[in-house]
Amino acid sequence: MDSLELTREELEKKKKKDEKAREKELKKLKAKQKAEAAKLQVQQSTTSSKSEKKKNAKREAEEDNLEDYTDPETPFGEKKNLSRQMAKTYNPSAVENSWYEWWEKSNFFEADAKSTKPPFVIVLPPPNVTGALHIGHALTAAIQDTIIRWKRMSGYNTLWVPGMDHAGIATQVVVEKKLWREMKLTRQDVGREGFIAEVWKWKNEYGGTILKQLRRLGASLDWSRECFTMDEKRSKAVTEAFVRLHKEGLIYRDIRLVNWDCVLRTAISDIEVEPIELSERTPIRVPGYEKPIEFGVLTLFAYPLEGGLGEIVVATTRVETVLGDTAVAVHPDDPRYSHVHGKFVVHPFNGRKLPIICDPLLVRMNVGTGAVKITPAHDPNDFKVGKRHNLEFINIFTDDGKINKKGGPEFAGLPRYEARVAVTEALKEKGLYRGAEDYKMSISICSRSKDVVEPLIKPQWYVNCKSMAQQGLDAVMDETNPKMEIIPKQYVAEWQRWLENIHDWCISRQLWWGHQVPAWYAMFEDDKKKVIGAYNNQWVVARNEEDAQKEANRIFAGKKFELFQDPDVLDTWFSSGLFPLSVLGWPDNTEDLRAFYPTSVLETGHDILFFWVARMVMLGMKLGGDIPFRKVYLHPMIRDAHGKKMSKSDGNVIDPLEVINGITLENLHKRLEEGNFNPTELKTAKEGQKKDFPKGIPECGADALRFALVSYTAQSDKINLDIQRVVGYRQWCNKLWNAIRFAMTKLGDDYTPPAEIVPAGMPFSCKWILSVLNKAISKTVQSLDSCEFSDAATAVYSWWQFQLCDVFIEVIKPYFSGKDPSLASARRSAQDTLWLCLDYGLRLLHPFMPFITEELWQRLPSKKDSLRRESIVISEYPSTVECWTNDGVESEMEMIESVVKSLRSLRSQLAPNERHERRAAFVRCRKSDACEIIKKHKLEIATLATLSSLNVLSERDDAPLGCKVDVVNEALSVFLTQKGNIDVEAELEKLRKKMEDIQLQCDSLKKKMSAPSYQDKVPPNIRELDDTKLASLMQELLSFEVASQQLGRQSSQS
């Protein structure tokens, strides 16, 4: 036997030893806690009340049983083991532990393609494989999980598909930096095949972190269908889409201007271009240059006219592009230049003759000199001019931003911004320089490399979007039969603007990481130019090299050639645009595709409405035969609490995991120090953190963060995220926790819920809470259905906070204060109603706060002989019960709450040492029906207002003396007894202020009603409401006057 292996006896001894050690530690902890409790007891007054002594005894008893309040360890993936007793306070990390692993292992999130339930499908916008969870992802996950959990509980066959985007540029940049940092190698050093292998290695090791983090948020994704845009199935879909679209003539190759990044050496999409506005000359750091480069400068120089006839002065912000000029343009109606129409200027460096052309579309006579240099290969506007006038297109830059041979031997090899200086000096030497001035302009920066974008003419693959865009436009704008809804509606106009003015889409990128273009170039034996792509009519598009060879043999029969695959890859947005189709198995006719396409809702940020949403719609309709989703919900963009865009350099970026787990200010600073900041940026960022999070961020938990984010969605197109609001919801979780703890004590260990609840014979408070629960359910479902997520969250929160906790739980306490036999029936009704409210309330709240609701719901007792669902995740979402609605009861409770509110207001005005004492109160009624209601509900009012007694007076009764007074409404006034003398003048002043406010309301309403057009323009029902409101205000004013008179008499009597 191995010497390391223990015998059974040794194992038993070890187990007992461990148990003894644990007991010893527990005893130490208990002894310490008892010592602290004893110390506290000595400090307390010796005249402690009996109730305080009971509380202390109870507290000591609880401390003796710490194990009862601690969750036992749960094996990974098993259902959570809960403590015998609920912990006294809510602890997010304890509550949110273990549940997710059990949910996932139990397959609660998996959809069934064979199910007969109606499908409901959401595709998670695929986060970049390089990414980590940021607050925008958290918002997306919170909203989508709310929707999917609600639909799952509502009986739908729900599918929420997770996936990752290969993020062509971002991933290539990350891996290139890693190669250089670790081995001092470039991608060119390791070669394409070696580099791709390095990327896959990195992806398998580090990629997908964000999907793991989404589990921490509670996102109930169907992980069995997880996919990656570069996996085999998705790659097949990309190739198929390209081939089909090319076959239909919608994909073609052309030479056009693109946004070129000289650092990455690739074309980039518009979404990766960030404009920077400059108002004057400004130094900006550009990658590859030691010193900052000056932008915002307009340089003027002269072009000599041919034959020595004078000169034309032009201006430019990019003087280096003079090397690629092929014309000078003037306005045909400008008299200053009428004598040079059709003539030429001479290029100062190579002697080329440049035509002077007339172009009214480009040239504005009143701007600058009225003459414009034309560089068709390096400016979007000049490109159009070049096409209109059939000018020569001269590219003067290499792919890495240096001057090429066409720029002339004097400048060839110079980096573009060094060439800018050299060209300026050369113009000065030739006497053609005419000065420079500050200039308001915009420059474009690549968000990935921070390089200044260079317009460059390149052969690329394009998608003709016009016909597909029209389909996408009609899907939303068709008034008779719209196929797709965009929410909020304000973005419909943006949708229309984008698709009506759509340009063809450049889909090729000069990268190595991505889907390689499925096109092969046939290089003929007798070609003069032996370069891939030199002749545009020698391309073959196919699904694979074998098919390409067959097609090339057919097209180029009898010719000798060699095939080379296009080294370029496809734009990441191309594969992302296919995502709703490809995740379901397209182009194969899979079970998933038949069951789940089109999907139900797309939820994403409004910033990618065109770049992603529109392209999914175009490709989905073209290739899938239908719109990819029925509804599009665009969430707001998250800013910091001050409305400022989140930026690493400002230190205001919020990591959701730091909100969930909590973090100290010191560790927030440490995170900044690990970043790539210069000393000035680091100082600014730290100051920003210190200002916003002086004590760090407290542990809030995923539930509180989710609820806060969903609640924020009402804020138009921007969310100003204040962490204190998240902290507030974390405190609210504690309130929920305590509500269940209270309930468990009142229900008792032997309580069994009834098979059904009929409110007819129940106490008033039970009828009321069921009626308002019905309204909360209705409002929540209606709001979720219309994507008004903030309203849905508010409806649930308001019912729990203001109706269940603040009113119902308080108002039923007298039923449990003793064992009065006359209250037995009411007590049982209160128990049943309380259980039902908690069961319904937790299920109503679950989509918003999955962890705490599961934990609390599992603690609720089950009905006898009924099979309760294993988890709240798969339980039934609440629906309204017709017999619960009771408008009469709600109306009465509204009156009760108004009286209680006034009494509490009076209590708050008492001296601090008197505010918590129970005291007598009076309600004076001026209407008999109000009097009856108040008499009927004296117990509820006395309980909620913490009164020692409550007397109901009629209008004929004298007002009580020695009381503070407040007018509730036109029918009711309240009086609260006070020790000592009342400051009558102060009370009269309060009444006067309230009377002034009511008088202003009366005057405003009278003015409105006396307007000449009031009778004609205001509908009869509104006029009736105004009449009722005015009468009520007048009666209330009269009540205040009576109260003032009574105080005046009280003053004279004293």
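Scroll up to find the structure this text is about.
Reading the values: the criteria
Just so you know, the residues in each chain are numbered from 1, in the order the chain's sequence is written. pLDDT decides what is reported in this predicted model: residues at 70 or higher carry local features, side-chain atom pairs at 80 or more are listed and counted, and totals for whole chains, interfaces and linings draw on all residues regardless. To get the side-chain values, all heavy atoms of the structure are used, and hydrogens and water are removed first. Under the scheme used here, helices are H or I runs from DSSP no shorter than 4 residues and strands are E runs no shorter than 2 residues, and both carry numbers assigned from the N terminus. For the exposure calls, accessible area comes from a 1.4 Å probe over protein chains only, and a residue counts as buried if that area is under 20% of its type's maximum, exposed if over 50%, partly exposed in between. Two residues qualify as a contact provided that any one of their heavy atoms is within 4.5 Å of a heavy atom in the partner residue. Surface accessibility follows the Shrake-Rupley procedure with a 1.4 Å probe radius. Residue values consider only the protein chains on display as shielding. For the purpose of counting charges, residues Lys and Arg are taken to be positive, whereas Asp and Glu are taken to be negative. His and the chain ends are not included. Working definition for charges: the position is that of NZ of Lys, CZ of Arg, CG of Asp or CD of Glu. To estimate how far a helix should extend, the number of its residues minus one is multiplied by 1.5 Å. Definition used for salt bridges: Asp or Glu carboxyl oxygen within 4 Å of a side-chain nitrogen of Lys or Arg. Centres within 6.5 Å make a pair out of two Phe, Tyr or Trp rings, where for Trp the six-membered ring is used; the pair is then stacked when the planes are under 30 degrees apart, edge-to-face when over 60, and tilted otherwise. A positively charged side chain is recorded as over a ring if its NZ (Lys) or CZ (Arg) lies within 6 Å of the ring centre. The angle to the ring normal must also be within 35 degrees. Pairing between two strands requires that DSSP report at least two bridges joining them. Axes, fitted as lines to C-alpha atoms, cover a helix only where it is in contact. Angles between the N-to-C directions of the axes lie from 0 to 180 degrees. As used here, the term nonpolar core means buried Ala, Val, Leu, Ile, Met, Phe, Trp, Tyr and Cys residues forming a set that is joined through side-chain atoms within 4.5 Å. The crossover handedness rule: strands pointing away from the viewer, path from first strand over the helix to second strand clockwise, crossover right-handed.

Engineer: Please clarify how the overall build of the protein chain should be interpreted in this entry.
Structural biologist: For the protein chain, the count of helices and strands is 33 helices and 33 strands. With respect to the principal axes defined by its C-alpha atoms, the protein chain has extents near 115 × 100 × 60 Å. In the protein chain, which comprises 1054 residues, the proportion classed as buried is 51%. Counting contacts in the protein chain only where the partners sit at least 6 residues apart, residues at least 24 apart contribute 76% of the total. In the form shown here, the protein chain has an accessible surface area of approximately 51,600 Å², with 49% of it arising from carbon and sulfur atoms. Counting 151 positive and 151 negative side-chain charges, the protein chain places the centres of these two groups 3 Å from one another.

Engineer: Would you mind showing me how to read helix 5 (residues 135-153) here?
Structural biologist: Residues that lie three or four places apart on an α-helix share one face, since the helix turns once every 3.6 residues. With 19 residues, helix 5 extends 27 Å between its outermost C-alpha atoms, agreeing within 8% with the 27 Å of an ideal straight helix rising 1.5 Å per residue. A large share of helix 5 lies buried, amounting to 19 of its 19 residues. In the stretch just after helix 5, Gly155 is the one whose phi turns positive, near 95 degrees.

Engineer: Looking at this model, I keep getting lost on helix 31 (residues 984-1009). Mind explaining?
Structural biologist: Taking 1.5 Å of rise per residue, 26 residues should cover 38 Å, and helix 31 covers 37 Å from first to last C-alpha, within 8% of that figure. The complete set of buried residues in helix 31 reads Val984, Glu987, Leu988, Leu991, Met995, Ile998, Cys1002, Leu1005 and Met1009.

Engineer: I would appreciate a short explanation of the pattern of salt bridges in the present structure.
Structural biologist: Counted by the stated rule, this structure contains 54 salt bridges. Note that Arg336 and Asp334 form a salt bridge whose closest N and O atoms lie 2.8 Å from each other. Accessibility expressed as a relative area gives 2% for Asp334, which makes it buried. With a closest N to O distance of 3.1 Å, Arg388 and Asp359 form a salt bridge. Pair noted here: Arg388 is in helix 10 (residues 380-389) and Asp359 is in the loop between strand 14 (353-358) and strand 15 (371-374), with a separation of 29 residues, a long-range link. A relative accessible area of 40% means that Arg388 is categorised as partly exposed.

Engineer: Is there a simple way to explain the packing of aromatic side chains in this structure?
Structural biologist: We describe a pair of aromatic rings using the distance from one ring centre to the other and the angle between the two ring planes. Using the criterion set out here, one finds 39 aromatic pairs in the structure. Here Trp200 and Trp513 contribute two aromatic rings whose centre-to-centre distance is 5.3 Å and whose plane-to-plane angle is 80 degrees, an arrangement assigned as edge-to-face. Within this pair, whereas Trp200 is found in helix 7 (residues 187-206), its partner Trp513 is found in the loop between strand 21 (508-509) and strand 22 (519-524), the two being separated by 313 residues in sequence. With a centroid separation of 5.2 Å and 70 degrees between ring planes, the pair formed by Phe349 and Phe411 is classed as edge-to-face. Here Phe349 is found in the loop between strand 13 (344-346) and strand 14, whereas its partner Phe411 is found in the loop between helix 10 and helix 11 (416-429), with 62 residues between them in sequence. Ring pairing ties together the aromatic residues Phe707, Tyr729, Trp732, Tyr797, Phe802 and Phe848, which thus form one cluster. Seen from the ring of Trp103, Arg149 lies directly overhead, with NZ or CZ sitting 4.8 Å from the centre. In this arrangement the basic side chain of Lys428 is found over the ring face of Tyr433, its NZ or CZ atom lying 4.9 Å from the centre.

Engineer: What am I meant to see in the sheet that holds strand 18 (residues 454-463) here?
Structural biologist: Strand pairing in a sheet relies on backbone hydrogen bonds, with the paired strands running either antiparallel or parallel. Taken in spatial order, the four strands make up an open sheet running 6-5-18-20, and their pairing is antiparallel. The sheet terminates laterally at strand 6 (266-268) and strand 20 (505-506), the two strands that pair on one side only. Inspection of the sheet shows strand 5 (residues 251-261) paired to strand 6 by three bridges, in the antiparallel sense. Among the inter-strand pairings, Asp261 is bridged to a residue of strand 6, identified as Thr266.

Engineer: How do you make sense of the sheet that holds strand 22 when you look at a structure like this?
Structural biologist: Overall, antiparallel pairing links the three strands, which are arranged 23-22-24 in an open sheet. Of all strands in the sheet, those bounded by a partner on one side alone are strand 23 (539-541) and strand 24 (561-565). On average, each strand axis in the sheet is tilted by 30 degrees relative to the strand beside it, whichever way the strands run. Packing against the sheet, helix 14 (residues 545-555) makes contact with strand 22, strand 23 and strand 24, and its axis sits at approximately 140 degrees to strand 24.

Engineer: Hey, could you run me through the nonpolar core in this one?
Structural biologist: Soluble, globular proteins show a tendency: their nonpolar side chains are buried together. In this structure, Trp800 and Phe848 are the most contacted members of the largest nonpolar core, which totals 157 residues. If you tally residues by element for this core, the top one is helix 23 (residues 723-747), at 13 residues. In terms of nonpolar packing, the next biggest core, distinct from the first, is built from 68 residues, Val161, Phe574, Leu584 and Tyr597 among them.

Engineer: How should I be thinking about the pairing of strand 2 (residues 157-161) in this particular structure?
Structural biologist: Regular strands show a simple pattern: their side chains alternate between the two faces of the sheet. The buried count for strand 2 comes to five of five residues, which makes it a mostly enclosed element. Going residue by residue along strand 2, you find Asn157, Leu159 and Val161 tucked away on one face and Thr158 and Trp160 tucked away on the opposite face as well. Summarising the sheet, strand 1 (residues 119-123) and strand 2 pair through five bridges and their orientation is parallel. Its bridge partner lying in strand 2, Phe120 is registered against Thr158. Considered for its hand, the β-α-β crossover made up of strand 1, helix 5 and strand 2 is right-handed.

Engineer: Explain the pairing of strand 10 (residues 297-304) to me, please; I cannot follow it from the model alone.
Structural biologist: Among the eight residues in strand 10, seven count as buried, and that is most of the element. As paired strands, strand 10 and strand 16 (residues 433-438) are joined by four bridges and run antiparallel to one another. In the strand pairing of strand 16, Phe301 is matched with Tyr433. Two elements, strand 10 and strand 11 (residues 311-316), share six bridges in a ladder whose sense is antiparallel. Bridge pairing in strand 11 places Thr299 opposite Thr316. If you look at the hairpin formed by strand 10 and strand 11, you'll find six residues sitting between the two strands, and Gly307 has a positive phi there, around 80 degrees.

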